[in-house]
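Observations on the three-dimensional arrangement
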Amino acid sequence: MRQVVSWGASACVGFVRACAVMVVSMLIPAVWAAAVALGIWWGAANPWSWLAPFVLVSVGTLALSRPVCQLVRHLVARWTATAIPAGYRQAGPVTRMSTGYWWNGFGYERTSRDALMDQRWRIRWQDPANWRDLRFTAIVPFTAGLVAALPPAVVAAAVLGLGQPGPVARVAGALGLVVAVAGAPYAWRPVVPVAVRFLRPSPAMALADRVDELTAQRADTTVAQAAEIRRIERDLHDGAQARLVSLGLSLATAEKLLETDPEQAKALMREARTGAATSLTELRELVRGINPPVLSERGIVDAVRALALDSPLDVTVGADVPLRLDPPIESAVYFGIAELVTNAVKHAHATRARISLTRDGTGTGAGTGAGTSTCLVVEVEDDGRGGAEVRAGGGLAGLRRRLAAFDGTLEITSPAGGPTRVTMAVPCESL
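Residues numbered from 1 in each chain as written. Predicted model: local features only at pLDDT ≥ 70, side-chain atom pairs only at ≥ 80, totals over all residues. Heavy atoms only, no water.

Attention now moves to the environment of A404. Residue position: A404 is located in helix α14 (residues 395-404). Residues A404 and V426, spaced 22 residues apart in sequence, show a C-alpha to C-alpha distance of 8.6 Å. (Helix = DSSP H or I, 4+ residues; strand = E, 2+ residues; numbered from the N terminus.)

So, in structure tokens, the structure goes:
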């Protein structure tokens, strides 16, 4: 009895899925049929009768191709857990370069508005995925669509047969219902291989996406380097440089007063010594901000533990094994952790935080071309008020771009009321 119930449920589910596949795959052919009907109604004798059907076919096909493909991907993923990457070109960040021009991934423009408009039109018309979607919408109605249409068509024919007089029509109708129910669990399944074959990004599209991603990363890196150089120049000019100038003036004055007023000269030299010590401290702080000595000498784990000791939060640091990474990756991860801890104090008003550093041998990079590799996975969790999200131009967006330069990823879970959990994963073969 259970097998009969299970088979009946499977048949019902299969019939519903077959109807869904039929409707989705036949949307664009329905537009074509409507265009033909319009041309016939308009009349073949009218020389302009072809214009309206042509416009309807063109506009309808272009407008429906991407939604149909996205819906097919959604159905396949929901029914079979088979994820088919979309492969559509995404709009990259529009970045202002040090020259004053705006880079949109394709070219330079004088204003951000022009850069965004140019980017939008280029992505819309130059995306190779548009041709892939059009090809799929032309193939799926005559493959998976026809197969999925068999159960509904047979059921409709069987119902008409049962309504006809005579035993032969009724027997044929009953047999049709049995065939439709028996084939329903399998009629929708051809959409899976067809979608996987024709909807996945081609190697050329994946390579083009990777090139665009690297180009955007190069622009972000250029901007970040220029900002960092300006910060260092500002810190040197406002801090150590001003103190060193004052130190030179004090020494020059002390030299002049050494014979006439020795006591005043000694006081100026004591002030100069204090100023030299302060300048040395500021230079050390500046160097520590560029690359902390503990990070270079003892590695990322001890550097993070030292950072935790200086934090006003109650921070616990956990690491499965000592980690030594490539210096650029260590620096990016360290300053990323420092920014997250600062956000927990400044914005989330947290009291406790937990930092864990582990290695994961099954991680994949963010880039399209990155394969399976060893990853450093960093989790930073705090008990603050939550609500953190990536905003354009914000600190988390900048952190995500800095990690993307190493094929790293940034994932944030921060419901209102907390807690906030941020996961950074960076592939590194030196682990």
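To continue, consider the packing of helix α2 (residues 27-42) against helix α3 (residues 51-80). Helices that pack against each other are described as a pair by the angle of their axes relative to one another and the distance between those axes. At a minimum axis distance of 9 Å, the contact between α2 and α3 shows a crossing angle of 170°. Taken as axis vectors, α2 and α3 run roughly antiparallel relative to one another. Residue-level contacts link L27, I28, V31, W32, A34, A35, L38, G39 and W42 of α2 to A52, P53, L56, V57, G60, T61, L64, S65 and V68 of α3. Along the lines of polarity and charge, the residues of the contact of α2 with α3 split into 14 nonpolar, four polar and no charged. (Axes fitted to C-alpha atoms, helices over the stretch in contact; angles between N-to-C directions. Parallel < 35°, antiparallel > 145°, perpendicular 65-115°, else oblique. Contact = heavy atoms within 4.5 Å. Nonpolar A, V, L, I, M, F, W, Y, C, P; charged D, E, K, R; others polar.)

Another aspect to go through is unusual backbone geometry. Of note, A81 is a non-glycine position whose phi angle comes to about 60°, a positive value. Tracing the chain through its elements places A81 in the loop between α3 and β1 (95-96).

Of the strand pairs in this sheet, strand β7 (residues 409-413) and strand β8 (residues 420-427) are connected by five bridges, and their pairing is antiparallel. Following the sheet pairing, E411 is matched in β8 by T423. Joining the antiparallel neighbours β7 and β8 is a turn of six residues, in which G417 adopts a positive phi near 95°. (Pairing = 2+ DSSP bridges.)

Attention now moves to the UniProt feature "transmembrane region" (unreviewed entry) in the protein chain. Under the UniProt annotation, the feature "transmembrane region" (unreviewed entry) is placed at residues 12-42, 48-65, 139-162 and 168-188. As annotated, residues 12-42 has a helix share of 97% and a strand share of 0%, and its two end C-alpha atoms lie 42 Å apart. (UniProt positions renumbered as here; feature names shortened; annotations may be inferred.)

With that out of the way, let us pick up the packing of aromatic side chains. Throughout the structure, instances matching the rule amount to three aromatic pairs. Ring centres of W79 and W188 lie 5.3 Å apart, and the angle between their planes is 75°; on these two criteria the pair is classed as edge-to-face. On the criterion of sequence distance, the pair formed by W79 in helix α3 and W188 in the loop between α7 (167-187) and α8 (191-199) is long-range, its members being 109 residues apart. Of the residues examined, W188 reaches a relative accessible area of 2% and is grouped as buried. Above the face of the W188 ring, R17 is positioned so that its terminal group lies 4.9 Å from the ring centre. (Phe/Tyr/Trp six-rings, centres within 6.5 Å; stacked < 30°, edge-to-face > 60°. Buried < 20%, exposed > 50% of the residue type's maximum accessible area, 1.4 Å probe, protein only. Lys NZ or Arg CZ within 6 Å of the ring centre and 35° of its normal.)

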